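Notes for the structure review
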Amino acid sequence: MNTRNLQSGPFARAEGGVGDLMRLVMLALAPATGFGLLIFGWPALLLLIVTLTSALAFEALSLKLAGKPLRPTLWDGSALLSGWLLALSLPPWAPWWIGCFGAFIAIALGKHVYGGLGQNLFNPAMLARVTLLVSFPLEMTQWVEPAPLLFPHSPGLLESFRIVFGHAPIDAYGGATAIGLMKTGLTQGHSPAETLAEHFSLIPALIGYTGGSLGETSELLILAGGVWLLHRKVITWHIPVSLLGTVFVLAAFAHLANGERYPGPLFHLASGGVMLTAFFIATDYVTSPNSRTGQLIFGAGCGLLIYVIRTFGGYPEGAGFAVLLMNAATPLIDYYVKPRIYGRDRKGRPLELENSRHDRR
Amino acid sequence: MLNLISLTKLLGGEKRIRGGVHPDGHKSLTAGKPIDGGFPLPKKLFLPLQQHVGQPAEPCVKVGDTVLKGQLLAYSQGNISAPIHAPTSGTVVDITEWPAPHPSALPTPTLVLEPDGKDLWAELNVPEDPFALPPEEIALRVGAAGVVGMGGAAFPSAVKLNLGRRSKIHTLLVNGGECEPYLTCDDRLMRERAEQVVDGVRIMLHGLQCGKAKVGIEDNKPNAYAAMAKAAQAFPEIEVHQVPTHYPMGWDKQLIGYLTGLEVPADGRATDVGVLMHNVATAYAVHQAVRLGRPLVSRIVTVSGRAVDNPVNLEVPIGTLMGELLRYCGWRPDQTQRLLMGGPMMGDALPHADVPVVKGTCGVLALAAEPAAEAQPCIRCSRCVSACPVGLLPLEMASRIKAGQLDGAVGYGLKDCINCGSCSYVCPSKIPLVHYFRYAQSELVARQQAQHKSQQIKRLVEDRQARLDRIKAAQAAAMAEEEA
């Protein structure tokens, strides 16, 4: 008889480990990713491959430098998922070194500097995205119009290699995101209604047949993946609902107050990275609060910052910044927002006996 | 109207259940089979002198004595203790040290009885009508019969009844939850002997001078609920309730919260809110003790697990070696990965089967396979936070304990942890959270003891110094007087 593991119970365990959770998240990302690859063609696929392999490579290198065993951590899917999320947030035709450098920031600086999986303060993918955006604004804002695979005007495989690994002809970059156009339009004195009429229609935006980051355009597919994650209990509703709800409410209020200046809530939910952020990025276990109440606050904070940055900030999209700022606030939220302990009040003092409660029964 | 009720439940009315998990029940292995009373008398019975919380019992027989079934073998000692009776007639062959049913299996003083096979009862002291007895007599009789909490806690029942009589109890709760996986002994007991259980509840109500009892049965035991509801029909003071199947529903405070909406203060007991809880098997033992005058000498044990061919509930004499039970049920030792006393959530792992069934043994499990549990780094998924029925932050506590900051862990509620295992159960990183908490809790106790000791030493040193100072002062005074 085996008594090797003789220790405290429980001697029953729920199924599923860390790797299983990561795999489920990646599975939920697959439809939106597949759609992104379809509409942005070969260059997008090459960029994804670059980002994923360099994420794995930097993970292996970091583990080796830290003197940790490679096997359990390298294949638990966490590095792969960080790389994946980063790729989804990049311009689909970004050059290879953007993906590779981003993976370095995400994995080495975002995670292993803090001590590895579970120790990091900031979401690795968002740290990388924001660093890239600040450091290489040109490369990070070159959007392309959808050019579905195998369509006449989409680049072939050879040309795609040139786009990703060489110097692409500049005229390949035609598009811009609706959210960027909105910002530009406002600065040029166009009202949101004009910009919307010219550059935005809800249905294509929801389906995702628009310019934008590699995997952020299809709100519907991301939503489907997110709902499936909720169903599989990989994530809970607290962060997505409070994040999207906050964006919706703020946008609705502003739009009602001054429709000339502020676009409505559906525009905000259907464009940019807000949906991906709500279900896949802000819900990152490591960098979000522990308690349900804390998660509601965290989500609302992300939503608020996204709206404020989009509306009043210098960048068209604020999701990355918003998540990082709220990541920084997470320890504080965790410190102040804890579940009430049974038999104690919120301050941790034992409950007092109320005689009135006896009489009630 | 029905919708309204479920709506208030959903909106977090009084019946909200915090935390908890839904482990795979495995109850179908034994739930469908009647209690097997055909277990043959073993060659020897091993009766540890401590089968309960509190002081060990003191033997009042000596080696060579012949005893009858139900005869007192060891009397209780101190305020919290329980006597031990002969499970069958036979001869006391030894009073020795024998491995205890405990993870350490350390030897403990044990009385060894060799049955004579006749199973003759001693003369029993039976009242004609228990309800004619003065209330305080109930606790006396329950105490004299050696009844302890049969749900696994093994707290002497008479002490609890006395405590309840002193503080005003408005509701007696009877725990038929049986939320641990595999265990079905309470389920079968309620199905087959509901009337006796209800009688025991009525006797306890009489002893407590309390007007109301609520029985809570998890809704995965519809037959037990039906049997109990039927048996309690004639007694309006006993309500039988179905409660959700939800681990740890057997935790007294969870069940109290669900059935009465009351919350016990952190430093208090259930009696502080006017509630007392007993297990259904304890109620049955009370019935046996008071109605029939029979001391607690046998119990129903679930013998189950995938390494047992014929899992079943057995009624066995206390003191039977677990190995014999298992062999009776077709045990495959070579396929046993882990041997447990109690359920898989809170039960104890045993190093071998040569330990006896004691009064608190509700299950003997031989588990065949267990998921590999190589601990990985915490990813802060906070599943443990949602699972904790107490409202603690297991991940924060564990990381503090790992870093050696016990006080930090206490700040997150370490002392309130009930070790129910819900957090470990759900952890995807397979971190042995409960292991950390048990270690830290015992470390705290050890520290407290050490501090107490060092304070004592300090006081002694100070006393000595004071004494020396006094002597010196006296000498100085005497010298000064002499010089003067």
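Residues numbered from 1 in each chain as written. Chains lettered and ligands numbered in written order. Predicted model: local features only at pLDDT ≥ 70, side-chain atom pairs only at ≥ 80, totals over all residues. Heavy atoms only, no water.

1. A closer look at the overall build of chain B
Assigned secondary structure in chain B consists of 15 helices and 16 strands. The globule rule puts the C-alpha radius of gyration for 484 residues at 23 Å, and the 26 Å found for chain B is close to it. Along the first, second and third principal axes, the C-alpha set of chain B runs to 95 × 60 × 55 Å. Burial status across chain B gives 53% buried among its 484 residues. For chain B, contacts bridging at least 24 residues in sequence account for 73% of all contacts bridging at least 6. Accessible surface, chain B as shown: approximately 20900 Å² in total, 52% of it carbon and sulfur. When the 49 basic and 48 acidic side-chain charges of chain B are each reduced to a single mean position, those positions are 4 Å apart. (Helix = DSSP H or I, 4+ residues; strand = E, 2+ residues; numbered from the N terminus. Rg over C-alpha atoms; globule rule 2.2 N^0.38 Å. Buried < 20%, exposed > 50% of the residue type's maximum accessible area, 1.4 Å probe, protein only. Contact = heavy atoms within 4.5 Å. Areas by Shrake-Rupley, 256 points an atom, 1.4 Å probe, with all protein chains shown as cover. Lys, Arg positive; Asp, Glu negative; His and termini not counted. Charge placed at Lys NZ, Arg CZ, Asp CG, Glu CD.)

2. Topic: the packing of aromatic side chains
Residues and elements named next belong to chain A. Taken as a whole, this structure holds ten aromatic pairs over all chains when the rule is applied. Taking 5.0 Å as the distance between ring centres and 75° as the angle between the ring planes, the aromatic pair formed by W97 and F136 counts as edge-to-face. Placement of the pair is W97 in helix α4 (residues 96–109) and F136 in the loop between α5 (124–135) and α6 (137–140), with a sequence separation of 39 residues. We classify W97 as partly exposed; its relative accessible area is 29%. We classify F136 as partly exposed; its relative accessible area is 26%. The interplanar angle of 65° and the centroid separation of 6.3 Å between the aromatic rings of Y262 and F312 together place this pair among those described as edge-to-face. Separated by 50 residues along the polypeptide, Y262 in the loop between α12 (238–257) and α13 (265–270) and F312 in helix α15 (residues 292–312) bring together distant segments of the chain. Residue Y262 is classed as buried on the basis of its relative accessible area, which comes to 18%. (Phe/Tyr/Trp six-rings, centres within 6.5 Å; stacked < 30°, edge-to-face > 60°.)

3. Comments concerning the pattern of salt bridges
Counted according to the given criterion, the structure contains 21 salt bridges over all chains. Put simply, E396 of chain B and R400 of chain B hold a salt bridge, and the shortest N to O gap is 3.0 Å. Taken as a pair, E396 of chain B and R400 of chain B lie in helix α12 (residues 394–402) at a separation of four residues, close to a single helical turn. Taken together, the shared-partner salt bridges connect D334 of chain A together with R380, E396 and R400 of chain B into one network. (Salt bridge = Lys/Arg side-chain N within 4 Å of Asp/Glu carboxyl O.)

4. Notes on the interface of chain A and chain B
With 46 residues of chain A at the contact, the number on the chain B side is 66 residues. When chain A packs against chain B, close to 5000 Å² is buried across both sides, 54% of that on carbon and sulfur atoms. Broken down residue by residue, the surface that chain A buries against chain B is led by F11, R13 and Y342 of chain A, which jointly contribute 19%. If you look at where chain A meets chain B, you find three salt bridges. Between R380 of chain B and D334 of chain A there is a salt bridge, with its nearest N and O atoms 2.9 Å apart. Inspection of the chain A/chain B interface yields 21 residue pairs in polar contact (both at pLDDT 80 or more). Contributions of two or more residues to the side of chain A that touches chain B are made by α1 (18–66), α15, α16 (319–336) and α17 (355–359) of chain A. (Buried area = accessible area lost by both parts, 1.4 Å probe. Polar contact = N/O pair within 3.5 Å; in protein donor to acceptor, adjacent residues only side chain to side chain.)

5. A short note on empty space enclosed by the protein
Residue and element names in this part refer to chain A. Summed over all chains, the structure comprises five cavities of 30 Å³ or more. In this model, the largest cavity occupies a volume close to 340 Å³. The wall of the largest cavity is formed by 22 residues, among which M22, L81, L85, D284 and Y285 lie closest to the centre. Breaking the lining of the largest cavity down by element, the ones donating at least two residues are α1, α3 (78–88), α5 and α14 (274–281). Here the lining of the largest cavity gets four residues from one element, more than from any other, and that element is α3. (1 Å grid on protein atoms, 1.4 Å probe; cavity = no way out; pocket = protein on both sides within 12 Å on 5 of 7 lines; lining within 4 Å. Points joined across faces, edges and corners; volume = space filled by probe spheres on them.)

6. Some remarks on the UniProt feature "binding site: [4Fe-4S] cluster 2" (unreviewed entry) in chain B
All names here are of chain B. Mapped onto this numbering, the UniProt entry gives "binding site: [4Fe-4S] cluster 2" (unreviewed entry) at C388, C417, C420 and C423. For this annotated set, covering 36 residues, all C-alpha atoms fall within 10.7 Å of each other, a compact arrangement in space. With near-sequence residues (within four places) excluded, C417 lies in contact with L392, M397, F437 and Q441. Here C420 lies in the loop between α13 (406–411) and α14 (422–426). If we skip the residues at most four places from it in the chain, C420 touches Y247, P248, M345, M346 and P389. (UniProt positions renumbered as here; feature names shortened; annotations may be inferred.)

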